[in-house]
Amino acid sequence: MAKKKERFPVRKFFYWLRYRIGEYCLRGFVSILPWIPRRLVQLFTLAAARLTFALLWKYRKRMEENLSMAMGAEFIMREKGQAVVWRAWRNFAQGVYETTCTMHSPKEKICAAVAFEGEEHLQQALARGKGVIALSAHLGNFTMIGARLAAAGYPFSVVVKQPKDQRFARLIDRYRAMLDIKTISAKPRREAARQILKGLRRNEVILLIADEFKSGGVEVEFLGRTASAPRGPVTLALRTGAAVLPTFVTRDHEDRLTLHIGAEIELIKTGDLQAELAANASLFTSHLEAMVRRYPDQWNWL
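Residue positions are given per chain, counting from 1 as you read along its sequence in written order. Local features in this predicted model are restricted to residues whose pLDDT is 70 or higher, and side-chain atom pairs enter the listing and the counts only when it is 80 or higher, whereas totals over whole chains, interfaces and linings include all residues. The basis for every side-chain value is the complete set of non-hydrogen atoms in the structure, without hydrogens or water.

Draft legend 1. Quick look at the overall build of the chain. Note on conventions: DSSP H or I runs of at least 4 residues are helices, E runs of at least 2 residues are strands, and numbering of each starts at the N terminus. Scanning the chain for helices and strands turns up 11 helices and nine strands. Seen through its principal axes, the chain has C-alpha atoms that stretch 55 × 50 × 50 Å. Here the term buried applies to any residue with accessible area under 20% of the maximum for its type, exposed to any over 50%, and partly exposed to those in between, with areas from a 1.4 Å probe on protein chains only. Among the 302 residues that make up the chain, the fraction classed as buried is 43%. Carbon and sulfur atoms form 58% of the exposed surface of the chain, whose accessible area is close to 16900 Å². Of the side-chain charges in the chain, 48 are positive and 29 negative, and the distance between the mean point of each set is 9 Å. Each accessible area is a Shrake-Rupley estimate made with a 1.4 Å probe; only the visible protein chains count as cover when residues are assessed. Positive residues here are Lys and Arg, negative ones are Asp and Glu, while His and the chain termini are left out of the count. Taken as the charge centre is NZ of Lys, CZ of Arg, CG of Asp or CD of Glu, depending on the residue.

Written out as structure tokens, the structure is:
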């Protein structure tokens, strides 16, 4: 027991050190980005992606295994696993670069950098005055959803699972605030629900990333397997009457980004709350699954 107690401060130190390294690297990157030629930064981003792809082989292997299990024979016929996983890995690295660039870009440039499809669905939903739940996943450049909508003048908040290191969390929150994005911490849950309800009453757009399947949710079928989907999006939609719109930012083969907002998802109402939770959780998950199958090389397979 004594040895365990002695090791704990060491682990705690390295945990703290990891966040401090990440913090100062991020601060430095954000600060010097405007002074570096765009092409040079793009080459550096690609090199960093290739280096981490080679070094972090355990994560790469896990992604390949998850992809193979989820897509099965359908996937094998279309792509080779490592190629898709590499593109998903590169997509994430490219997304970090693109999102960081927005902190130094005027709103007009952000709007020009991300095309917008389905804006009429958003405008129709906001006209009802009950707010909008933007349903999304860790797909494409999901961090650009808020930047694009806020740049276009839409009041926007995102619900996030904050890093355990509060100092690092405050830094990320401050960067979001620079883009007029409000942050709602997912925990504590009661406070998160209160903030979300306030935002919807103000007729804001609230982004929920709903592809984290953990115990305690509603059992659904996702990519051919049983998973536990979060209750939050369905509960909020049923309780508030807010429109639920599938919302994603995807990239094409030339790295051009497009924000897609789909038509409102019509909720299933039966009069039985538990049945409604199950049916609508399955419905929401089917929209997420459709996008993952359409863009398998843009989803986070971890």
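Draft legend 2. Spatial organisation of the pairing of strand β3 (residues 156–160). The buried count for β3 comes to five of five residues, which makes it a mostly enclosed element. Both faces of β3 are covered, namely the face carrying Phe156, Val158 and Val160 and the face carrying Ser157 and Val159. Two strands qualify as a pair provided DSSP detects at least 2 bridges between them. In this structure, β3 lies alongside strand β4 (residues 181–185), joined through five bridges in parallel fashion. The residue of β4 that forms the bridge with Phe156 is Ile181. Viewed with both strands pointing away, a crossover whose connecting path from the first strand over the helix to the second turns clockwise is right-handed. As a crossover connection, the stretch from β3 through helix α8 (residues 166–178) into β4 is right-handed. Here β3 pairs with strand β5 (residues 205–209) via three bridges, running parallel. Paired with Phe156 across the bridge in β5 is Val205.

Draft legend 3. Structural context of empty space enclosed by the protein. Points on a 1 Å grid, built from protein atoms alone, make a cavity when a 1.4 Å probe fits but cannot get out and make a pocket when they are open with protein on both sides within 12 Å along at least 5 of 7 lines; residues with an atom within 4 Å of a point are the lining residues. Grid points are joined across faces, edges and corners, and a volume is the space filled by probe spheres set on the points. Within this structure, the stated rule accounts for one cavity of 30 Å³ or more. By volume, the largest cavity amounts to about 50 Å³. Forming the boundary of the largest cavity are Leu135, Ala210, Ala229, Pro230, Pro233, Ala281, Phe284, Thr285 and Leu288. In terms of residue count, the dominant contributor to the lining of the largest cavity is helix α11 (residues 273–294) (four residues). Nonpolar residues are Ala, Val, Leu, Ile, Met, Phe, Trp, Tyr, Cys and Pro. Charged residues are Asp, Glu, Lys and Arg, and all others, Gly as well, are polar. A per-class count over the lining of the largest cavity returns eight nonpolar, one polar and no charged.

Draft legend 4. Geometry of a nonpolar patch on the surface. For patches, a residue must show more than 30% relative accessible area and have no salt bridge; joins then use 9 Å for like charges and 5 Å for nonpolar side chains, namely Val, Leu, Ile, Met, Phe, Trp and Tyr. Whenever a carboxyl oxygen of Asp or Glu lies within 4 Å of a side-chain nitrogen of Lys or Arg, that contact is scored as a salt bridge. Judged by side-chain polarity, Leu51, Leu55, Leu56, Tyr59 and Leu302 come together as a nonpolar surface patch covering roughly 490 Å² of accessible area. For Tyr59, the location among the structural elements is in helix α3 (residues 57–78).

Draft legend 5. Summary view of the environment of Leu33. The residue Leu33 is located in the loop between α1 (2–32) and α2 (38–55) in this model. With a relative accessible area of 7%, Leu33 lands in the buried category. Between the alpha carbons of Leu33 and Cys101 there is a distance of 7.4 Å; along the sequence they are 68 residues apart. Residue contacts are counted whenever heavy atoms from the two residues lie within 4.5 Å of one another. Here Leu33 is in contact with Val41, Tyr97, Thr100, Cys101 and His104, once residues within four sequence places are set aside.

Draft legend 6. Inspection of the packing of aromatic side chains at higher detail. Two aromatic rings, drawn from Phe, Tyr or Trp (for Trp, its six-membered ring), form a pair once their centres lie within 6.5 Å of each other, and the interplanar angle then sorts them: stacked below 30 degrees, edge-to-face above 60, tilted otherwise. All told, the structure shown has nine aromatic pairs when counted by the stated rule. Both rings, one in Phe53 and one in Trp86, keep their centres 5.3 Å apart while their planes meet at 65 degrees; by these two values the pair is edge-to-face. Residue Phe53 is located in helix α2, and its partner Trp86 is located in helix α4 (residues 81–102); the two are separated by 33 residues in the primary sequence. Its relative accessible area of 10% is what places Phe53 among the buried residues. On the basis of relative accessibility, which here comes to 15%, the residue Trp86 falls in the buried class. Aromatic pair Phe213 and Phe222: ring centres 4.6 Å apart, planes at 35 degrees, arrangement tilted. Over the ring of Phe53 we find Arg60; its NZ or CZ atom is 5.2 Å from the centre of that ring. When the NZ atom of lysine or the CZ atom of arginine is within 6 Å of a ring's centre and also within 35 degrees of its normal, the charge is said to sit over that ring.

Draft legend 7. The layout of surface pockets, seen in detail. The space that makes up the second largest pocket amounts to roughly 490 Å³. Residue lining of the second largest pocket: 21 residues in total, with Arg38, Tyr97, Cys101, Ser105 and Lys109 positioned closest to the centre. Elements that contribute at least two residues to the lining of the second largest pocket include exactly α2, α4 and α5 (107–113). The element contributing the most residues to the lining of the second largest pocket is α4, with five residues. Residues that form the lining of the second largest pocket fall into these classes: 12 nonpolar, four polar and five charged.

Draft legend 8. How the structure looks around the sheet that holds β4. One open sheet accounts for seven strands, arranged β1-β9-β8-β2-β5-β3-β4; its pairing is mixed. Of all the strands in the sheet, the pair left with one neighbour each is β1 (114–117) and β4. The mean inter-strand angle of the sheet, taken between neighbouring strand axes irrespective of direction, is 25 degrees. Where strand β8 (residues 243–251) lies against strand β9 (residues 257–261), five bridges are found, and the strand directions are antiparallel. Within β9, the position partnered with Phe248 by the bridge is His260. In this description, a line fitted to the C-alpha atoms serves as the axis of each element, helices being fitted only across the stretch in contact, and the angle between N-to-C directions of two axes falls anywhere from 0 to 180 degrees. Packing of helix α7 (residues 144–151) onto the sheet brings it into contact with β1, β2 (132–136), β3, β4, β5, β8 and β9, and relative to β9 it is tilted by some 80 degrees.

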